[in-house]
Amino acid sequence: AAWSAVPFGLAHWVFDEAPWHDSLFLVTLMLVVGVALAGIFERRRNIVAPIAAHMTFNSIGLGLIVFLQ
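As the structure is a prediction and not an experimental result, all values here were calculated from the model.

Q: Sorry if this is basic, but what is going on with the overall build of the protein here?
A: When helices and strands are tallied, the protein shows 3 helices and 0 strands. Reading the secondary structure of the protein in the N-to-C direction produces α-α-α. Along the first, second and third principal axes, the C-alpha atoms of the protein reach 40 × 30 × 15 Å. Burial status across the protein gives 16% buried among its 69 residues. Here the contacts in the protein between residues at least 6 apart in sequence split such that 37% fall between residues at least 24 apart. As displayed, the protein has an accessible area near 5500 Å², and 72% of this comes from carbon and sulfur atoms.

Q: Whenever I open this one, the packing of helix α1 (residues 2–10) against helix α2 (residues 20–44) confuses me. Can you help?
A: When two helices pack together, their arrangement is given by the angle between the helix axes and the distance between those axes. Axis separation between α1 and α2 bottoms out at 8 Å; the angle between their running directions is 145 degrees. Read as a crossing pair, α1 and α2 show a hand that is right-handed. Between α1, through Ser4, Ala5, Val6, Phe8, Gly9 and Leu10, and α2, the contact on the second element is made entirely by Val27, Met30, Leu31, Val33, Gly34, Val35, Leu37 and Ala38. When its residues are assigned to classes, the contact of α1 with α2 shows 11 nonpolar, 3 polar and no charged.

Rules and cut-offs
Residues numbered from 1 in each chain as written. Predicted model: local features only at pLDDT ≥ 70, side-chain atom pairs only at ≥ 80, totals over all residues. Heavy atoms only, no water. Helix = DSSP H or I, 4+ residues; strand = E, 2+ residues; numbered from the N terminus. Buried < 20%, exposed > 50% of the residue type's maximum accessible area, 1.4 Å probe, protein only. Contact = heavy atoms within 4.5 Å. Areas by Shrake-Rupley, 256 points an atom, 1.4 Å probe, with all protein chains shown as cover. Axes fitted to C-alpha atoms, helices over the stretch in contact; angles between N-to-C directions. Left-handed = near helix turned anticlockwise from the far one by under 90°. Nonpolar A, V, L, I, M, F, W, Y, C, P; charged D, E, K, R; others polar.

Written out as C-alpha cells, the structure is:
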C-alpha cells in the first residue's frame, strides 16, 4: 500500500500560492486516502471499487469547495 500511497500523496503537493504547511497537510491526508484506496482494492480485488471511491471522495471535496466559497 505504501508503494502506491506515497506517489499518490506527493502528486497532490500544491506548488502555487498555498503555504507549505497546507500542502504538507494535503499530502499527508492523501497518503492516508491512498492507503485506504489500496485497502479497498485488496479487499475487493477489483480496480473499479477504488476508482469509484476516489470519484466519490473527489465529488465530496469539490462540493465542499463550491459550497464553502
